[in-house]
Amino acid sequence: MSERSGEKESFWEKIQWIDTRILYLLMWVVVIWPLISPINLPIGIGRESKEYYDVIKEIPPGSKVVLSYDMSFSGLPELGPMSIATLHQLLGMDVKVYICAFWNQGSNIAADDIEALNPEVNYGKVYGVDYIHIGYNPRSEVGMTQFASDVYTAFPNDFINNRPLGTYEIMEGVQTAADFDVLISIESGTPGSSEWVRQWVQPYGIPFLVGALGVSVPGVAPYKNAGQIVAFIAGLRSAAEYELLAGRPAIAIAQQDPLSTTHVLVILFVIVGNLGYFFTRQERARRSG
Amino acid sequence: MAWYRRVELPIALTIIFCLFQMVPYFIVIPAWDGAAKTFVDWDSVMETFALFIGFISLLMLHGRSVSKRREGWYWSAWILVTMVLYTIIGIPMQSIGFGVGGAIFEDIRMFVLTPLSAAMYASLGFWIASAAYRAFRARTVEAAILLISGTIVMLANAPVGGSIWGGFAPLKDWIFDVPNMSTMRGITIGAALGALALGARTLMGKERGYLRGGGE
């Protein structure tokens, strides 16, 4: 019985129904507090991020790598650190990088990453020779099919200068998916890994790496286990580990302390909620009999 | 009924175009392959039309809501204003700041769209915290297993977990590699078989859900 039915609520009943505003306030505090005063908990390197980093590191010189920004602004806090660290690692190697997007906002995010890294100054890379932003294709999985069969139909002009792709030196000898050596997709959802596996990995046997949201792990993991994805990182924790490995510590590492405090708070909420539930049940059982 | 209004026509077209896309996966016939690629290109034209239709139907839907002053009509008006304005700002005229790369377009993207999108996604954290507190209860053995697994994964995903106990990460890996993997494989294979059945029914003209709401 409770206050709603006329009887006074017990302590355990009350703690099951704490006002949502208090929960939100506590959540807000544990996000802000470590940002103002960092705890700097140590970040261990997990197997996924190590594998992802190593696979990229082992790409042979001269390889042609597609880096697809299949994400939106909403996924940026989690995926942004991965995409920029991946691009950083690729630009530091002797490989050709072909940046594209199958999510409309992905092409803008890619352009921002290029601007932030400034490949000409910081890596000695030349646009159109060592790397290129081939733009956005709005056609989801069909666009990936088209990209696989004819790059120039899927992406007629580049994103930065809006010039025909064929006029760039980096495009020499590139026609279909068979001409690329590695595919990397940083993705928010659909189109993403499933579509790439269907249209690129299975038909062309191209090694495929994925950077995904934390919630995508259960969906992506079976492809990894089946060998269709060579390596993947997912979530902010992996992004921070990868930033450390790639030698570009940035925003993901700064976000690790709020990640810890919020996770601890959620676990505390779960414990408190369950304690309330169990003791209330016991009280009810005692009263009834 | 005129021949062009008969339901058999779209069914026949669906079968023909499905076969054009399927055959190149199994047999290499250059002419067939070329035709299949051309049909893929046609698709982009049709999708562009679909986008235009979407724009028009949003205009009609929300325009009607505004003109009849339905409940929440001001939200419809706001959608119309932002949609039309951002469409105009998206026109590639960089000299006046419009289009991709234009100052106005990029400022709206960077300082309005990006933080709003990120804030929408981030607000999930608050809802999840509240939902975890209210709904994540060990009412049954299955719920208790789910709760313990979830807690282990959360602790393994945050640096604090590793600081408390180094065993959370291997436990999380086991949860992902064994129970999660087997379940997701089951779901994926089940969904693929379902898609296969749907494809076969579509090819045989038995699946009519895409035709005028599925009716004859």
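Note that the structure is predicted; figures quoted are calculated from it, not measured. (Residues numbered from 1 in each chain as written. Chains lettered and ligands numbered in written order. Predicted model: local features only at pLDDT ≥ 70, side-chain atom pairs only at ≥ 80, totals over all residues. Heavy atoms only, no water.)

**Quick notes on the overall build of chain A**
And then number 1: Of the regular secondary structure elements, chain A holds 13 helices and 6 strands.
And then number 2: Overall size of chain A, expressed as C-alpha extent along the three principal axes, is 80 × 40 × 30 Å.
And then number 3: Looking at chain A residue by residue over its 289 residues, the buried ones come to 54%.
And then number 4: Of all intrachain contacts in chain A linking residues separated by at least 6 positions in sequence, the fraction that spans at least 24 positions is 73%.
And then number 5: For chain A, the accessible surface area stands at approximately 12000 Å², while carbon and sulfur atoms represent 58% of it.
And then number 6: Of the side-chain charges in chain A, 20 are positive and 30 negative, and the distance between the mean point of each set is 11 Å. (Helix = DSSP H or I, 4+ residues; strand = E, 2+ residues; numbered from the N terminus. Buried < 20%, exposed > 50% of the residue type's maximum accessible area, 1.4 Å probe, protein only. Contact = heavy atoms within 4.5 Å. Areas by Shrake-Rupley, 256 points an atom, 1.4 Å probe, with all protein chains shown as cover. Lys, Arg positive; Asp, Glu negative; His and termini not counted. Charge placed at Lys NZ, Arg CZ, Asp CG, Glu CD.)

**Quick word on the pattern of salt bridges**
And then number 1: Evaluation of the coordinates by the stated rule reveals 17 salt bridges over all chains.
And then number 2: Note that A:R237 and A:E241 form a salt bridge whose closest N and O atoms lie 2.9 Å from each other. Linking A:R237 with A:E241, this pair stays in helix α11 (residues 235-245), spanning 4 residues, or about one helical turn. Of the two residues, A:R237 and A:E241, neither departs from the other in class, the shared state being buried.
And then number 3: One network of salt bridges, in which partners are shared, links A:R47, A:E48, B:D173 and B:D177. (Salt bridge = Lys/Arg side-chain N within 4 Å of Asp/Glu carboxyl O.)

**Details of a nonpolar patch on the surface**
And then number 1: Among the surface-exposed residues, A:L25, A:W28, A:V29, A:W33 and A:I39 lie close enough to one another that they form a single nonpolar patch of about 520 Å² accessible area.
And then number 2: Examined against the element boundaries, A:V29 turns out to sit in helix α2 (residues 20-36). (Patch = residues over 30% accessible without salt bridge, like charges linked within 9 Å, V, L, I, M, F, W, Y side chains within 5 Å.)

**Some remarks on the sheet that holds strand β4 (residues 182-187) of chain A**
Residue and element names in this part refer to chain A.
And then number 1: In spatial order, the strands read β3-β2-β1-β4-β5-β6; together these 6 strands make up an open sheet with parallel pairing. The open sheet terminates on both sides in strands that have one partner only, identified here as β3 (131-136) and β6 (231-234). Neighbour-to-neighbour, the strand axes of the sheet open up by a mean angle of 15 degrees, direction not taken into account.
And then number 2: By the bridge criterion, 5 bridges tie strand β1 (residues 64-70) to strand β2 (residues 96-101) in an arrangement that is parallel. Within β2, the position partnered with L67 by the bridge is I99.
And then number 3: Seen against the sheet, helix α5 (residues 106-117) touches β1, β2 and β3 and runs at an angle of roughly 155 degrees to β3.
And then number 4: Lying over the sheet, α11 contacts β5 (208-212) and β6, oriented at roughly 115 degrees with respect to β6. (Pairing = 2+ DSSP bridges. Axes fitted to C-alpha atoms, helices over the stretch in contact; angles between N-to-C directions.)

**With respect to the interface of chain B and chain A**
And then number 1: Across the contact, 47 residues belong to chain B and 56 residues belong to chain A.
And then number 2: At the boundary of chain B with chain A, total buried surface from both sides reaches about 4500 Å², with 63% on carbon and sulfur atoms.
And then number 3: Taken together, the connections running from chain B to chain A amount to 4 salt bridges.
And then number 4: A salt bridge links A:D112 to B:R109; the nearest nitrogen and oxygen atoms lie 3.1 Å apart.
And then number 5: Summed over the shared surface of chain B and chain A, the result is 21 residue pairs in polar contact (both at pLDDT 80 or more).
And then number 6: When residues in the side of chain B that touches chain A are grouped by element, the largest group, 16 residues, is from helix α4 (residues 103-135) of chain B.
And then number 7: Residues of the side of chain B that touches chain A, tallied by class, amount to 24 nonpolar, 10 polar and 13 charged. (Buried area = accessible area lost by both parts, 1.4 Å probe. Polar contact = N/O pair within 3.5 Å; in protein donor to acceptor, adjacent residues only side chain to side chain. Nonpolar A, V, L, I, M, F, W, Y, C, P; charged D, E, K, R; others polar.)

**Describing the packing of helix α10 (residues 217-225) of chain A against helix α7 (residues 168-203) of chain B**
And then number 1: Direction vectors running N to C along α10(A) and α7(B) enclose 90 degrees, while the axes themselves pass 9 Å from each other. In terms of axis orientation, α10(A) runs roughly perpendicular to α7(B). Here α10(A) contributes A:V217, A:P218, A:G219, A:A221, A:P222, A:Y223 and A:N225 to the contact with α7(B), which in turn contributes B:F176, B:N180, B:M181, B:M184, B:R185 and B:T188.
And then number 2: Residues of the contact of α10(A) with α7(B), tallied by class, amount to 8 nonpolar, 4 polar and 1 charged. (Parallel < 35°, antiparallel > 145°, perpendicular 65-115°, else oblique.)

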